[in-house]
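Report on the structure
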Protein chains: 2
Amino acid sequence: MLFGLAPALTLEAKPVTVDDLLAGAPAADWRTPNADDTLYLELPHGRVVIELATAVVPRHAANIKALARAHYFDGLAIIRVQDNYVVQWDDESHRRPLPPSVKPSVEFTADAKAAPRFQPLPDRDLYAAQVGFLDGFPAARDPRTHSVWLAHCYGMVGAGRDDPAESTGAEMYAVIGNAPRQLDLNVALVGRVLKGMELLSALPRGSGEMGFYVSAEAPMPINSMRVAADVPERERTPIEVLRTDSATFRAVLDQRRERHEPWYKHNPGVIELCNVPLPARTPGGH
Amino acid sequence: MLFGLAPALTLEAKPVTVDDLLAGAPAADWRTPNADDTLYLELPHGRVVIELATAVVPRHAANIKALARAHYFDGLAIIRVQDNYVVQWDDESHRRPLPPSVKPSVEFTADAKAAPRFQPLPDRDLYAAQVGFLDGFPAARDPRTHSVWLAHCYGMVGAGRDDPAESTGAEMYAVIGNAPRQLDLNVALVGRVLKGMELLSALPRGSGEMGFYVSAEAPMPINSMRVAADVPERERTPIEVLRTDSATFRAVLDQRRERHEPWYKHNPGVIELCNVPLPARTPGGH
């Protein structure tokens, strides 16, 4: 910045894109999600791959895996699609018994052991004193209590509940609209859609109150929900996720905060937690 | 708050909901959008009603009305649906001539005459020094220059462009994902979907780069786009929009910022511009 030449060259050079950064990322900057923490929600039109935040919400993750292993979700349906809000699936009839190990709990904030892994964003946030990433999930942190929690960004998956605050994980939802951050600290988020988000977000909206399907509408059936580790290896979806504690991810953040592409006439100079791309890829190709 | 009884009563009273507030709103708190500033995007599966922000972007609004009146959009198609981002429609072939009155311009910020009508939100924002509402549209304001501009919230409609910064309005898009506020001050927003948003947001995502449909996919055809004033009155969609300068709207904001419903265990105490509901209704019913 001190000598005339460098900025001029910078301005004329082709700006680095997120694709460039990902293409140049060393293999160590990618991770393969643990198959025991990965869910396959099998719909008639395809597979939704969900990564559970097991380290953040261990009780809900254990419940959901127990439910999947008891075939609890198989043959249920997506019962609610509310535009700009959530897609929901559960046993609306409440007739299916829960496995004995599945107990309700409140897991709005993570175990304090998770806090040291929190990677803060330098950017501000409206809802929390500090935001960043925790093992690849968008998260927030209270610097006074060191408490951490997951944030309601697009594609996040949560455990629905009534009142009181407890939930089991038997009622699940995915965020399909503008980040409903007012739900943070009010519901246990349990994970994130890594692949197949469009199989949920493009579903027909329910015409009932809060987007519930009414009887004339055909809810999308759920063929099954499985833990990836229980699926034969050749039937699994190969996937890699960019590590949020990697140098490549930090470069992606910088690229998205300061927009140097000529198309941008105004540089935002800030990035909102839920506008941060969390890249995932098929190994050996995109 | 000073005497013991009132807070206790408040806690036990059923909290007021947005529906309660709207049901109790005086007729004067609702407005009927000007038919000359309303567009009907007619798709095979229904009508999308768009209100143009004519006072904010007069040149783009005039262009789009001239284009609609020249039947420019009729028989085009939705050519791009990018998950968590935008739906786009335009003449991909660039073969259709533009009416002679349609000239490109840059309208990223509004005419200074619009600034006094800006209703500020007390809440902070990450992207702008001040945010609020301008004639019913989410907007931002620079308190130093008094410049105002529209904000990229879910359901907002914009005029796409290449580089340079000018646009005509012949390329249109609607936001279907988490508010891409980094686009603020980089594109001319021209209006907002008032009704029929789900006809756009639930469209199948395009599998090409940036969500463009590839040749094997069938883009959704556009039957026509009309100015409502040009449609026979009996074929118009009756609609009313809550005034953003009304007492009812201020009460809706308060209700959504401080969540007193028993379901909420943590009160967000803040509301993000793009999480503010902008109620619209069919007169004489919802």
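Quick look at the structure, then. In this text, all values refer to a predicted model and were calculated from it rather than measured experimentally.

Quick notes on the rules
Residues numbered from 1 in each chain as written. Chains lettered and ligands numbered in written order. Predicted model: local features only at pLDDT ≥ 70, side-chain atom pairs only at ≥ 80, totals over all residues. Heavy atoms only, no water. Helix = DSSP H or I, 4+ residues; strand = E, 2+ residues; numbered from the N terminus. Rg over C-alpha atoms; globule rule 2.2 N^0.38 Å. Buried < 20%, exposed > 50% of the residue type's maximum accessible area, 1.4 Å probe, protein only. Contact = heavy atoms within 4.5 Å. Areas by Shrake-Rupley, 256 points an atom, 1.4 Å probe, with all protein chains shown as cover. Lys, Arg positive; Asp, Glu negative; His and termini not counted. Charge placed at Lys NZ, Arg CZ, Asp CG, Glu CD. Salt bridge = Lys/Arg side-chain N within 4 Å of Asp/Glu carboxyl O. Least-squares fit on C-alpha atoms with pLDDT ≥ 70 in both. Expected span 1.5 Å × (residues − 1). Phe/Tyr/Trp six-rings, centres within 6.5 Å; stacked < 30°, edge-to-face > 60°. Pairing = 2+ DSSP bridges.

Considering the overall build of chain A
- Across its full length, chain A carries 5 helices and 16 strands.
- In terms of overall size, chain A behaves like a compact globule, its C-alpha atoms giving a radius of gyration of 20 Å where 286 residues would be expected to give roughly 19 Å.
- The principal-axis extent of the C-alpha atoms belonging to chain A is close to 75 × 45 × 40 Å.
- Counting the 286 residues in chain A, one finds 56% classified as buried.
- Across chain A, the fraction of contacts at a sequence separation of at least 24, relative to all contacts at a separation of at least 6, is 71%.
- Summed over all atoms, the accessible surface of chain A reaches about 12600 Å², with 55% contributed by carbon and sulfur.
- Of the charged side chains in chain A, 30 are positive and 36 negative; the average position of the first set lies 3 Å away from that of the second.

Examining the pattern of salt bridges
- Applying the stated criterion across every chain, the model contains 38 salt bridges over all chains.
- One salt bridge in this structure joins Glu42 of chain B and Arg47 of chain B, with 2.8 Å as the shortest N-O distance.
- The exposure class assigned to Glu42 of chain B is buried, which follows from its relative accessible area of 17%.
- Between Arg257 of chain B and Asp123 of chain B there is a salt bridge, with its nearest N and O atoms 2.8 Å apart. Taken together, the residues Arg257 of chain B in helix H5 (residues 247–257) and Asp123 of chain B in the loop between strand S6 (119–120) and strand S7 (130–134) connect sequence positions 134 residues apart. Each member of the pair, Arg257 of chain B together with Asp123 of chain B, is buried.
- Salt bridges here are not isolated pairs; linked through shared partners, they connect Asp36, Asp37, Lys65, Arg69 and Asp230 of chain A.

Observations concerning the relation of the copies chain B and chain A
- When chain B is fitted onto chain A, the two copies agree to an RMSD of 0.0 Å after a turn of 180° and an axial shift of 0.0 Å. Accordingly, the operation relating the two chain copies is best matched by a two-fold axis.

Let's talk about helix H3 (residues 58–69) of chain A
All names here are of chain A.
- Compared with the 16 Å implied by 1.5 Å per residue over 12 residues, the 16 Å span of H3 between its first and last C-alpha is a close match.
- Of the residues making up H3, those classed as buried are His60, Ala61, Asn63, Ile64, Lys65, Leu67 and Ala68.
- Looking at the buried residues of H3, the elements they touch are strand S2 (38–43), strand S3 (46–52), strand S10 (156–159), strand S11 (172–175), strand S12 (188–195) and strand S14 (224–227).
- Among the residues trailing H3, His71 stands out with phi positive, at a value near 60°.

Some remarks on the environment of Val187 of chain B
- Turning to its location among the elements, Val187 of chain B is positioned in the loop between strand S11 (172–175) and strand S12 (188–195).
- Setting aside chain neighbours within four positions, we find Val187 of chain B in contact with Trp263 of chain A together with Phe108, His152, Ala159, Gly160 and Tyr173 of chain B.

A word on the packing of aromatic side chains
Residue and element names in this part refer to chain A.
- For the structure shown, the criterion picks out 6 aromatic pairs over all chains.
- On the basis of an interplanar angle of 85° and a centroid distance of 5.1 Å, the ring pair of Phe133 and Phe249 is categorised as edge-to-face. Residue Phe133 is located in strand S7 (residues 130–134), and its partner Phe249 is located in helix H5 (residues 247–257); the two are separated by 116 residues in the primary sequence. Note on accessibility: Phe133 and Phe249 belong to one class, buried.

Considering the pairing of strand S4 (residues 77–81) of chain B
Residues and elements named next belong to chain B.
- Most of S4 sits inside the fold, with 5 of its 5 residues counted as buried.
- In this sheet, strand S5 (residues 86–90) lies alongside S4 in antiparallel orientation, the contact comprising 4 bridges. Each bridged residue has a counterpart across the sheet, and for Ile78 the counterpart in S5 is Trp89.
- Two elements, S4 and strand S13 (residues 220–221), share 2 bridges in a ladder whose sense is antiparallel. Looking at S13, one finds that Ala77 is bridged to Pro221.

Details of the pairing of S11 of chain A
Residues and elements named next belong to chain A.
- Here S11 shows no split at all, with Met172 and Ala174 on one side and Tyr173 and Val175 on the other all buried.
- By the bridge criterion, 4 bridges tie strand S5 (residues 86–90) to S11 in an arrangement that is antiparallel. By the bridge assignment for S11, Val86 is matched with Val175.
- Bridge analysis of S10 against S11 gives 3 bridges, and the strand direction is antiparallel. Counted as the bridge partner of Gly158 is Tyr173 from S11.

Honestly, it's all geometry; don't read function into it.
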